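The residues making up each chain are set out below.
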Amino acid sequence: PKSCLVALSEFIYTECLSSTEMTRKEQQSIDLKFGQNESSTHKIDTQSVATMENNASNMSTRQNSFFPDGGYGWLVVFAATWCNGSIFAIQNSFSILHVMLVNANQQTNESVSQFQIAWIGALSMGMVFLCSPLVSMSTDRFGCRATAVGGSLVAFVGLLTGSFAKSLPLQYLTYGLLFGAGCSYSLQPTLVILGQYFQRHLGLANGLVTAGSSLFSVALPVLLEEVLVPLGLERTFQILSVLPLTQAALLGATFRPPPTPECHGDVQKTGHHCTLAEENTFSGIRIFCVPSYRMWAFGVAIAVLGYFVPYVHLMSFVQEQFEDSEQKEWILLVCIGASSGVGRLVFGHVGDLLPGLNKIYLQAVSFMFLGLASILVPQCLTFEGLVVVCVLLGVCDGCLLTLMAPVAFEVLGVQRASQGIGYLLGLMALPMTAGPPLAGLLHDQLGNYCLAFYLAGVPPLIGGLLLLFIPRMHHHLWASRAEMLPGLYGTKVRAEDSLPSQNIFTDGEPSLNKNEITQL
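Residues numbered from 1 in each chain as written. Predicted model: local features only at pLDDT ≥ 70, side-chain atom pairs only at ≥ 80, totals over all residues. Heavy atoms only, no water.

Caption draft 1: Seen up close, the overall build of the chain. Scanning the chain from N- to C-terminus turns up 24 helices and two strands. Evaluated residue by residue, the chain yields a buried proportion of 55% over its 520 residues. For the chain, long-range pairs separated by at least 24 residues make up 85% of all intrachain contacts whose partners lie at least 6 apart in sequence. For the chain, the exposed surface amounts to about 21,700 Å²; the carbon and sulfur share of it is 64%. (Helix = DSSP H or I, 4+ residues; strand = E, 2+ residues; numbered from the N terminus. Buried < 20%, exposed > 50% of the residue type's maximum accessible area, 1.4 Å probe, protein only. Contact = heavy atoms within 4.5 Å. Areas by Shrake-Rupley, 256 points an atom, 1.4 Å probe, with all protein chains shown as cover.)

Caption draft 2: Highlighting the packing of aromatic side chains. For the structure shown, the criterion picks out 16 aromatic pairs. Taking 6.2 Å as the distance between ring centres and 85° as the angle between the ring planes, the aromatic pair formed by Phe322 and Phe383 counts as edge-to-face. Taken as a pair, Phe322 in the loop between α16 (309–321) and α17 (330–353) and Phe383 in helix α19 (residues 383–412) lie far apart in primary sequence, 61 residues in all. Residue classification places Phe383 among the buried residues on the basis of a relative accessible area of 6%. Note on Tyr449 and Phe453: the rings are 6.2 Å apart at their centroids and 65° apart in plane angle, and the pair reads as edge-to-face. Summarising the burial analysis for this pair, Tyr449 and Phe453 share the class buried. Ring-pair connections join several aromatic residues into one group, and the members of that group are Phe288, Tyr293, Trp296, Phe298 and Tyr423. Geometry around Tyr72 places Arg256 over its ring, the cationic atom sitting 3.8 Å from the centre. (Phe/Tyr/Trp six-rings, centres within 6.5 Å; stacked < 30°, edge-to-face > 60°. Lys NZ or Arg CZ within 6 Å of the ring centre and 35° of its normal.)

Caption draft 3: Looking closely at a nonpolar patch on the surface. Taken together, Ile302, Leu446, Leu451, Leu455, Val458, Ile462 and Leu466 make up a surface patch of nonpolar side chains, about 540 Å² in accessible area. Of all the elements in the fold, those that place two or more residues in the nonpolar patch are α21 (450–456) and α22 (458–467). By residue number, the principal contributor to the nonpolar patch is α22, which donates three residues. Relative to the helices and strands, Leu455 resides in helix α21. (Patch = residues over 30% accessible without salt bridge, like charges linked within 9 Å, V, L, I, M, F, W, Y side chains within 5 Å. Salt bridge = Lys/Arg side-chain N within 4 Å of Asp/Glu carboxyl O.)

Caption draft 4: Inspection of the pattern of salt bridges at higher detail. On inspection of all chains with the given rule, the structure shows two salt bridges. Put simply, Lys166 and Glu234 hold a salt bridge, and the shortest N to O gap is 3.5 Å. With Lys166 in the loop between α9 (144–162) and α10 (168–197) and Glu234 in helix α12 (residues 233–240), this pair connects stretches of sequence that are 68 residues apart. For Glu234, a relative accessible area of 31% gives the class partly exposed. Of the charged contacts in the structure, one is a salt bridge between Glu410 and Lys359, with a shortest N-O distance of 3.4 Å.

Caption draft 5: The arrangement of helix α13 (residues 242–254) in detail. Between its first and last C-alpha, α13 extends 19 Å over 13 residues, near the 18 Å set by a 1.5 Å rise per residue. What α13 keeps buried is the set Leu243, Pro244, Gln247, Ala248, Leu251 and Thr254. Looking straight down α13, one finds that the buried residues subtend no more than 155° of arc, so they occupy a single side. Looking at α13, the residues exposed on the side facing more than 90 degrees away from the buried face are Ala249 and Ala253. Taken together, the buried residues of α13 touch α5 (73–92), α9, α10 and α12. (Expected span 1.5 Å × (residues − 1). Arc of directions from axis to C-beta.)

Caption draft 6: Up close: the side chain of Ser132. Inspection of the secondary structure assignment puts Ser132 in helix α8 (residues 132–142). A polar contact is formed between the side chain of Ser132 and the backbone oxygen of Phe129, at a distance of 3.1 Å. Each residue touching Ser132, except ones within four places of it in the same chain, is listed here: Ser184, Gln188, Gly422, Leu425 and Gly426. (Polar contact = N/O pair within 3.5 Å; in protein donor to acceptor, adjacent residues only side chain to side chain.)

Caption draft 7: Layout of the environment of Pro169. Looking at the secondary structure, you find Pro169 in helix α10. Of the residues examined, Pro169 reaches a relative accessible area of 57% and is grouped as exposed.

Caption draft 8: Main features of the side chain of Thr433. In this fold, Thr433 is placed in helix α20 (residues 414–446). In terms of polar contacts, Thr433 uses its side chain to reach the backbone carbonyl oxygen of Ala429, at 2.7 Å. Apart from residues lying up to four places away in sequence, Thr433 is in contact with Trp119, Ala122, Leu123 and Gly126.

Caption draft 9: Highlighting the packing of α10 against α20. In contact at an axis separation of 9 Å, α10 and α20 are set at 155° when each is read in the N-to-C sense. If you check the angle between α10 and α20, you find them roughly antiparallel. For the pair α10 and α20, the crossing hand works out as right-handed. On the side of α10, the interface is formed by Gln188, Leu191, Val192 and Gly195, while α20 contributes Val414, Ser418, Ile421, Gly422 and Leu425. Taken together, the residues of the contact of α10 with α20 sort by class into five nonpolar, four polar and no charged. (Axes fitted to C-alpha atoms, helices over the stretch in contact; angles between N-to-C directions. Parallel < 35°, antiparallel > 145°, perpendicular 65-115°, else oblique. Left-handed = near helix turned anticlockwise from the far one by under 90°. Nonpolar A, V, L, I, M, F, W, Y, C, P; charged D, E, K, R; others polar.)

Pasting the structure below:
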C-alpha cells in the first residue's frame, strides 16, 4: 500500500505541473483527501484521480458563482451598512441614554444605583451575543433575509414598548432583552451574507460596511444630546424605533442569496436558488474541534470583558471628573465613532493584504491597545487628553470589528463561518454583559470610576497576548499533518508552504489539497 501511494503521488505531481492552463485559484479549490490510517489508504485508487481531473474544469465557474465580488453585492453592502449603523449607533450611544435613565428612575425611585441602571445597557449588548448561536442555526435554516427582517421587527417592538416602560424590570425586558435579541437576529446575517458575495474583496466590503455604519455613531450622539434629550426618554425611544423599522424594509428588499450552479438537488427543476447554508454539514459544537478556532474564540471572549465599559460609563465619568468644564461630553462619543470609522475602512483594506491567519496579529495588537486606552482614561487630567484617548479607543474598535468576519472565514471556510461567528459571539455574551455592571458596582462602593477603568483594561491585554500564539500554532498543525505521510515527499515541506489560502476542515483537521502537492 505504501508503494502504491508513492506512485500515485508522483503521478498527481506530474499531472499538476503539466496543467499550465489552470489558474492558481483552480489549483487551490481542488482538495485531495488522504486517509489517516492504513485502512483508508487502501481506498485510494486511480478512479478518484480521474474524477478529480474531470471536475477540475468546473471549479473556476463554481468559485465565481459563489463569490460575485461586486455588482449586486455592493447593494448588499449598502443594506448591511444601514443595519450595522442603526444597531451600533444606538448601542454605542447608551452612555447618553444611561444618564437619561438615571434621571428618569431617580424621579420615581431615590434608591436607584449605577449598578442597577447599567444592567439595562449590559443586557441589551449581552443579548446581541448570547443569541448568536441560535441566530446561526436560524440563518442556516431560513436564510439571511428572513432572519434579518424578523430580528429588525423584534428590535422595533423592543424600542417602541420601551418608551412606555416606567420601571426597571420593564426596561430590562423591553430595551434589554427584546431590543438586544432583535439586534442579534438582524446583525449576524449581515456578516454572513458578505462572505457569500465577496472573496477577494471581503475585507474591503467589511471595512466599507463598518466604516459607513460609523457615520451613524458620529451623528446619533449629536442628535440625542441636542434634539432628543430635551424631548424626554419616552419620545427618544419612539423616534429611535424608526431606525430598525426602516432597516427591516431595506434588508427584506436586498438580502437575497446568490445563486450557485451546484447544490443538493436539481436547481433547474425546482426553480429555486440554493444557498451555502444548505451545504453546511459541519454543525453543532464540532467547530470547537478546530484548535485555531477554539483558541481564537476563547481569547476574544476573555478580551471583551472590559470592552463595553467605556460605552456605558464614559459620560458619567466625565460629569464627575470635569464638573466645571464647559466642554460637551458627547463630543467624546463623536470622536470614538469618527475614529472607529477611519479604523474600519483602513484596516479592512489592510486585512485583505495580510495572507491567511496573519490577520490575527493585527487583531491581537488592537485588543492590547484598547486595553491600554481604557487604563489611560482615569489618567487624563484635561478634556483634550481624554479626546486623544477616545480616538485611540475608536481606532482599535474599528480594527476589531472589521477583522472579526474575515478571520472567521480564514479559520473555518465559507460554509462554516456562519456557525463560527455565532458561537464566538455566544461566548462573548457573558463577559460583555458582566463588564458594565461590575464597573457600576465598583463605582457605588468606591465613589469613583478610576479602579473600574483600570480593571477594564486588563482583559483586553490578556486576550490580545493569547491571540498572538494562534498563527504559530496553526503552522505547527499543518506541519504535523504533512509529516503523517512519511515517504510521500521527496523534499521536506516548510510549515509556511503547507498553509492553504483558505482552510478546509474535515472533523477538525485540515485536508491536503492539490496546491500543496504542486509546491513540492
